[in-house]
Amino acid sequence: MLGESFFQARADLGTALFSLGTLAHDLHAPQETIRTLNELGTSLREPFLFVVVGEVKAGKSSLLNALFGREFCKADVLPMTDKIYVFKHAEQERDVHVSPQLTECHRTSPALRDFNIVDTPGTNTIVPEHEAITRQFLPLADLCLCVFSTVNPWGASAWEFLRHLHKTWLKKVVFVLQQRDLRSAAEVDAVLTHMRQTMLQKIGESCPIFAVSAKQAWEAKHTEDADARARMLGESGFDALENHIASSVTDGSARTEKLGSVCRSAQVIFSEFKLQVTTAAATLETDLMKLRELRAVLEERKEQSFRQVGGMLWTIAQASERTQGQGEELLREKLTFAGTVKLMFGKRGLEKFFQTELENRQRETLTKIVRESLELIEADMRSVWKQVHELMKRSFAAHDLPLLPDFAQQRTELLNRIDLALIGRTQGEEFQQQMQRVFAETASWLRLPAGVFAAGGIGAVLAGALTKATLLDITGTIAGVGALTGTVVALTKRRKILAEYRRQMNEKREAMVRAIEDHLRHAVQRFYVDLAQLFQPIEAFAEAQKKLLEPSMAAVRDLDAKLTKCAAALGGTKASAAAGG
Ligand SMILES: Nc1nc2c(ncn2[C@@H]2O[C@H](COP(=O)(O)OP(=O)(O)O)[C@@H](O)[C@H]2O)c(=O)[nH]1
Ligand SMILES: [Mg+2]
């Protein structure tokens, strides 16, 4: 096929441009970029333009038919002297009469997708209009085939036509001595020598010249046997002509340079996309890693908070055990014989004394411990917020790398929102609101009115309420113990009374510690869930983006290979499409 390697390179580049267009679309590239890509693609499809000139019956139409292996120009016994015919590709065959001198022949022949052909009437019959039109085509032409026949190679009109051609157009002219099969080799050589001389004399140029037989070439191209075909093509002189056309017009020409330039433009656009996609992917990877780190830090801090709660509970248990011991001591002292008798006879004095005395002691000790511990927990939680905020600032610091605009914008928005939330909570009211939320259940368990936290820290509020509640219902214990004494003989039962007091108090103390533990653990848990929720949107975003980016990453890899291959095939272009990345 004529210009095979050129068309292969062009097809490869076309495919690459198509993929690039798809990627541009996926990445929401600016309209301008998409338009540029479309234009690059369209410019690739521009067909070559071949113009054929020569005298009537020189064999111009036959030459064209043989070149493309298809009979789309009519080779006539009767010369077609009337018109210029432009052969173009179309889905439907028809002739469009543009003017009395010019007809556009729309043909379905696939070769015409890549080559537009201008078949001119003979230079010896040319009218001024024909010549004017022919001259219009020449500047656009990639090749001008000037055909002479071995039958009558002296055609003066052809030389006349060429003499008026601008030097620039002469560079595109290739001379073809047609119908070579009608003469002997020696005669053909003599004609060629003569033509070379005339060329220098008349037009002052030494254009390439080929002696061919379109008849033989046509037959060759319609021969099944490959060896015979090659031999016949050689004999017809066509292979030399076609090689020349391929190397000077299609492959080695300005057209190839144009492909190279389209390829370079595609590489520039691609390198921008590649940088954006790979930066986005790397950013996502880092973001996700930082988020995992953050989660690990939170997990660590949570463990720490739980340990703190454990310590606090131990202190509470210790203190209340101590107070209980003191109470027991007191009880033992008062359970003298007389005291026991008084108890047995129903006097409530002792009971009242115990109740006030022990409750006051318990309250004082517990309030202090609980308040201090809760203040520690609160400070700890506040410091968690601060730490997380610092970590966020460090981990997601802004960078100047080019990112996909949509991606960059969404990511920044999400990060800003987290930042705002973090600032809000590390200082002032929002933190208090969160504490209120976190301890909401504890508060309702203690029957505290809503909004009570606004007044001060959770320590003061909860500690006060904790001891007022029925946790250490000493009254109940004493009453129970009192009831017990009523039914027994005092002295012998003193030990039993003390034991019962101890049992009940232990039970209540344990229940209290357990209840406090439940609530504090719940609050800590909630605090961290709350905190983790803050990062959920950016995590979800990063995961979703990672999935979304996968096809683009694959496209980038594919395009990298495609464009590198194109650049290498077109030569002279920079070795790799990776230039930008
Ligand atoms: N023997 C022979 N005849 C040819 C060859 N090329 C063209 N002819 C004949 O020459 C005549 C004129 O050919 P045509 O292509 O119509 O010439 P045009 O007027 O220049 O387009 C036709 O009868 C062709 O069959 C060739 O290579 N060998
Ligand atoms: Mg013709």
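So, how was this worked out
Residues numbered from 1 in each chain as written. Chains lettered and ligands numbered in written order. Predicted model: local features only at pLDDT ≥ 70, side-chain atom pairs only at ≥ 80, totals over all residues. Heavy atoms only, no water. Helix = DSSP H or I, 4+ residues; strand = E, 2+ residues; numbered from the N terminus. Buried < 20%, exposed > 50% of the residue type's maximum accessible area, 1.4 Å probe, protein only. Contact = heavy atoms within 4.5 Å. Core = buried A, V, L, I, M, F, W, Y, C linked by side-chain atoms within 4.5 Å. Phe/Tyr/Trp six-rings, centres within 6.5 Å; stacked < 30°, edge-to-face > 60°. Lys NZ or Arg CZ within 6 Å of the ring centre and 35° of its normal. Near = heavy atom within 4 Å. Polar contact = N/O pair within 3.5 Å; in protein donor to acceptor, adjacent residues only side chain to side chain. Areas by Shrake-Rupley, 256 points an atom, 1.4 Å probe, with all protein chains shown as cover. Nonpolar A, V, L, I, M, F, W, Y, C, P; charged D, E, K, R; others polar. Salt bridge = Lys/Arg side-chain N within 4 Å of Asp/Glu carboxyl O.

### Overview of the side chain of D380
Position of D380 among the secondary structure elements: in helix α14 (residues 349-395). Under the relative-accessibility criterion, D380 is labelled buried at 11%. Among residues more than four places away in sequence, those in contact with D380 are R301, S305, Q308 and Y528.

### Brief notes about the nonpolar core
Counting residues in each nonpolar core, the largest one holds 124 residues, and the members touching the most others are F50 and F527. For this core, the element with the most residues is helix α12 (residues 254-334), which contributes 23 residues. Those residues within four positions of F527 in sequence are excluded, and the remaining contacts are M381, V384, W385, F431, Q434, M435 and V438. By size, the runner-up hydrophobic cluster in this structure holds 32 residues, among which are V86, L138, A141 and M199.

### Focus: the packing of aromatic side chains
Counted according to the given criterion, the structure contains 14 aromatic pairs. Measuring from ring centre to ring centre gives 6.2 Å for F50 and F68, while their planes differ by 40°; the resulting arrangement is tilted. One end of the pair, F50, is in strand β1 (residues 48-54); the other, F68, is in helix α3 (residues 60-68), with 18 residues separating them in the sequence. Assessed through its relative accessible area of 0%, F50 is described here as buried. Sitting above the plane of the F306 ring, R521 keeps its charged end 4.4 Å from the centroid.

### Notes on the site of ligand 1
Among the 16 residues in the neighbourhood of ligand 1, the closest are listed as K57, K60, S61, S62 and D181. A58 places a polar main-chain atom, nitrogen or oxygen, 3.3 Å from an oxygen atom of ligand 1. Contacts to ligand 1 include K60, whose backbone N or O atom sits 2.8 Å from an oxygen atom. Its free accessible area being 570 Å², ligand 1 has 81% of it covered by the protein chains. By residue number, the principal contributor to the shell around ligand 1 is α3, which donates 3 residues. Counted by class, the shell around ligand 1 contains 4 nonpolar, 6 polar and 6 charged residues.

### Brief notes about the pattern of salt bridges
Any two side chains of opposite charge can pair if their charged atoms end up close together. One pass over the structure, following the stated rule, counts 21 salt bridges. When the shortest N-O distance is used, the salt bridge between D560 and K274 registers 2.7 Å. Pair noted here: D560 is in helix α21 (residues 536-570) and K274 is in helix α12, with a separation of 286 residues, a long-range link. Just as D560 is buried, K274 falls in that class too.

### Structural notes on helix α6 (residues 156-163)
Those residues of α6 that fall on the buried side of the exposure criterion are S157, A158, W159, F161 and L162. Looking at the packing, one finds that the buried side of α6 touches β1, α5 (128-137), β6 (143-149), α7 (167-170), β7 (173-178) and α8 (185-203).

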